[in-house]
Amino acid sequence: MKVVERTGDPGAAGDAEGVTEALDRPLPEGVRRRVVALVADAFGGLTVTELPTQLRQYARFTPTRRAKFAGNAMAAAVESDPVFRQRIAGRLRETQRELADAIEGGSPPAAADPVDVAAVAYVLRPVGWVKLVEAAGEEAQRASAERAGEEAARELQRLRDELAEAKAATRHETERTRTELEAARKENDGLQRKLRSAQSDVRRGAAAVRKAEAELESVRAEAAARQATADSEARRLRARLAEAESALEASRRAVREGRSVEDMRLRLLLDTVLDAAQGLRRELALPPASMRPADTVDAVEPGKMTPKDIATRALSEMDPALLDQLLALPQAHLVVDGYNVTKTGYPTMPLEKQRLRLLGGLAVLAAQTGAEMTCVFDGAELAAPVLLAPPRGVRVLFSKPGVTADELIRQIVRAEPPGRPVVVVSTDREVADGVARAGARPVASALLLKRLART
């Protein structure tokens with residue numbers, strides 16, 4: 001501690017001789033905080049005019065906010081403004097009279113907090129206040145050191161406990177690792193035995209494969225020898241066949257030559273007979289015959305054509321106009337073998353699109369001709385009912401399970417009365433022959449496709 005001469009601090013105990021005490025080191029942080037708290041509490045007991053200019057803006061603050069926002073300014077004012085410090089000291093004498101009297105009397109209470117004693121002494125500035133502040137700083141440092149030592153001891157104990165736990169965990173982990181290692185060694189021994197067994201099996205398998213390959217090679221060689229023998233025999237047979245064909249041709253040529261001689265003799269005989277007959281006709285003066293055997297056969301003569309002949313006159317079997325003429329007959333009924341037509345015209349399309357395309361064309365044809373139309377599809381492979389709205393003028397039928405579309409078409413034809421024109425479209429020869437026997441007219445699927453292509 002050093003002594004500094006100061007003036008202008010009336011009311012301090014040590015100012016009688018014009019000399020005051022001062023700290024030669026910064027105020028301990030704990031004491032400084034306590035001084036700021038005391039000043040902030042005593043701050044409210046002063047008027048605005050009694051406050052230093054730099055502190056008047058904090059007059060309306062609470063002590064806590066005052067200590068937070070004006071702590072440095074209040075500490076500086078207490079240190080540099082003796083009048084302000086004396087006013088704060090007066091407030092302390094009123095609020096903490098016993099502690100202030102004891103400190104000014106030079107006998108601070110032994111039970112009092114050294115920091116409180118140092119803070120009050122710093123404000124009151126009695127004789128020996130520097131020693132009180134320094135003692136409080138040393139006490140605070142000692143207490144801080146004790147707290148640090150206690151904390152270090154606690155931390156050391158914690159570290160020792162953690163070390164003991166780590167050692168126990170390490171021992172446990174080591175024991176577990178040793179157990180796992182032993183198990184792994186046993187498992188490895190078992191795997192080694194299995195590996196040796198598998199290697200032995202592989203060697204036996206490789207030997208079996210080599211044996212099989214040798215047998216296969218022997219079989220291949222035997223097969224090649226048999227193939228060579230067969231090829232040789234085939235060549236020999238082909239040579240013999242060529243010889244036989246050559247002999248047959250020679251025999252046929254000889255027969256033809258012999259037959260030509262016989263034909264020549266027969267022709268000469270026939271010419272002789274014909275000449276004799278002509279001479280006999282001249283001798284008898286017979287008139288030419290007006291009747292021929294063919295005149296006795298009942299048939300349709302030119303100019304007396306049947307309706308069927310009229311329908312097909314001058315038209316080929318693949319002319320679409322033929323179908324128009326057939327459908328123009330009164331009460332004509334067109335029966336179509338559906339899949340036979342679609343698989344002839346557009347087989348790559350899905351069945352659903354095949355049906356829709358054919359039925360669309362038949363609807364247009366029905367509207368153009370007015371003929372009755374029935375389209376039959378094979379329903380033997382249907383897994384569920386077909387969701388299909390038949391177009392106007394076209395009857396759509398699917399065969400029942402166990403019944404083919406061909407049988408259903410024959411049933412429809414047999415159901416028609418004799419004499420009604422019925423046209424069946426199908427390329428199936430069996431269907432065409434069957435409906436023809438029943439009185440219907442079969443036409444090819446390609447003919448209907450050509451006619452639909454014109455719509």
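Here, every reference points to the structure presented above.
The rules we used
In this numbering scheme, every chain counts its residues from 1 along its sequence in written order. Thresholds applied to this predicted model are a pLDDT of at least 70 for local features of residues and 80 or more for the giving and counting of side-chain atom pairs; totals over whole chains, interfaces and linings are not thresholded and use all residues. As a rule here, side-chain values cover all heavy atoms of the structure and leave hydrogens and water aside. To obtain an axis, a line is fitted to C-alpha atoms, over the contacting stretch when the element is a helix, and the angle between two such axes runs from 0 to 180 degrees between their N-to-C directions. By definition, any uninterrupted DSSP run of H or I lasting at least four residues is a helix, any uninterrupted run of E lasting at least two residues is a strand, and each is numbered from the N terminus. For classification, angles of less than 35 degrees are called roughly parallel, those exceeding 145 degrees roughly antiparallel, those between 65 and 115 degrees roughly perpendicular, and all remaining angles oblique. Crossings are classed by handedness, with left-handed meaning an anticlockwise turn of the near helix from the far one by less than a right angle and right-handed meaning a clockwise turn. We call two residues in contact when some of their heavy atoms are within 4.5 Å. Each residue gets one of three labels, nonpolar for Ala, Val, Leu, Ile, Met, Phe, Trp, Tyr, Cys and Pro, charged for Asp, Glu, Lys and Arg, and polar for the others, Gly among them. Distance and chemistry together define a polar contact, namely a pair of N or O atoms within 3.5 Å, with one atom able to donate a hydrogen and the other to accept it when in protein, and with adjacent residues in sequence counting only for side-chain atoms on both sides. Each residue after the first adds 1.5 Å to the expected span of a helix. Partly exposed describes any residue whose relative accessible area lies between the buried limit of under 20% and the exposed limit of over 50%, with all areas from a 1.4 Å probe on protein chains only and scaled to the type maximum. By this definition, two strands are paired if DSSP reports at least two bridges between them. Each aromatic pair joins two rings of Phe, Tyr and Trp (for Trp, the six-membered one) with centres within 6.5 Å, and gets the label stacked for planes under 30 degrees apart, edge-to-face for over 60, and tilted for any other angle.

**Observations regarding the packing of helix H10 (residues 338-345) against helix H14 (residues 445-453)**
The axes of two packed helices give the description: the angle between them and the distance between them.
Here comes step 1: In contact at an axis separation of 9 Å, H10 and H14 are set at 70° when each is read in the N-to-C sense. On the basis of the axis angle, H10 is roughly perpendicular to H14. The two elements H10 and H14 cross, and the hand of that crossing is right-handed. In this structure, H10 contributes Asn340, Val341, Thr344 and Gly345 to the contact, and H14 contributes Ser445, Leu448 and Leu449.
Here comes step 2: Class assignment for the residues of the contact of H10 with H14 results in 3 nonpolar, 4 polar and no charged.

**Section: the side chain of Asn340**
Here comes step 1: Structurally, Asn340 is set in helix H10.
Here comes step 2: Here the side chain of Asn340 touches Ser445 through a polar contact of 2.6 Å, side chain to side chain.

**Some remarks on helix H1 (residues 29-43)**
Here comes step 1: With 15 residues, H1 should reach 21 Å at 1.5 Å per residue; the first-to-last C-alpha distance of 21 Å fits that figure.
Here comes step 2: Buried within H1 we find Val31, Val35, Val36, Leu38, Val39, Ala40, Ala42 and Phe43.

**A look at the sheet that holds strand S5 (residues 394-398)**
Sheets are built from strands that pair by backbone hydrogen bonding, the pairs being arranged parallel or antiparallel.
Here comes step 1: Spatially, the 5 strands line up as an open sheet ordered S5-S4-S3-S6-S7, and their pairing is parallel. Of all strands in the sheet, those bounded by a partner on one side alone are S5 and strand S7 (441-443). Each adjacent strand pair in this sheet contributes to an overall mean axis angle of 20°, direction not counted.
Here comes step 2: Seen against the sheet, helix H9 (residues 320-327) touches strand S3 (333-337), strand S4 (372-377), strand S6 (422-425) and S7 and runs at an angle of roughly 150° to S7.

**Re the packing of aromatic side chains**
Here comes step 1: Inspection of the entire model under this criterion finds 3 aromatic pairs.
Here comes step 2: Where Phe61 meets Phe69, the ring centres are 6.3 Å apart and the plane angle is 85°; that geometry is what we call edge-to-face.
Here comes step 3: Of the residues examined, Phe69 reaches a relative accessible area of 46% and is grouped as partly exposed.
Here comes step 4: Measuring from centroid to centroid gives 5.0 Å for Tyr339 and Phe377, while their planes differ by 55°, and the two rings are tilted. With a gap of 38 residues between them, Tyr339 in helix H10 and Phe377 in strand S4 connect regions that are remote in the sequence.
Here comes step 5: The class for Phe377 is buried, based on a relative accessible area of 0%.
Here comes step 6: Here a set of aromatic residues connected by ring pairs shows up, and it is made of Tyr339, Phe377 and Phe398.

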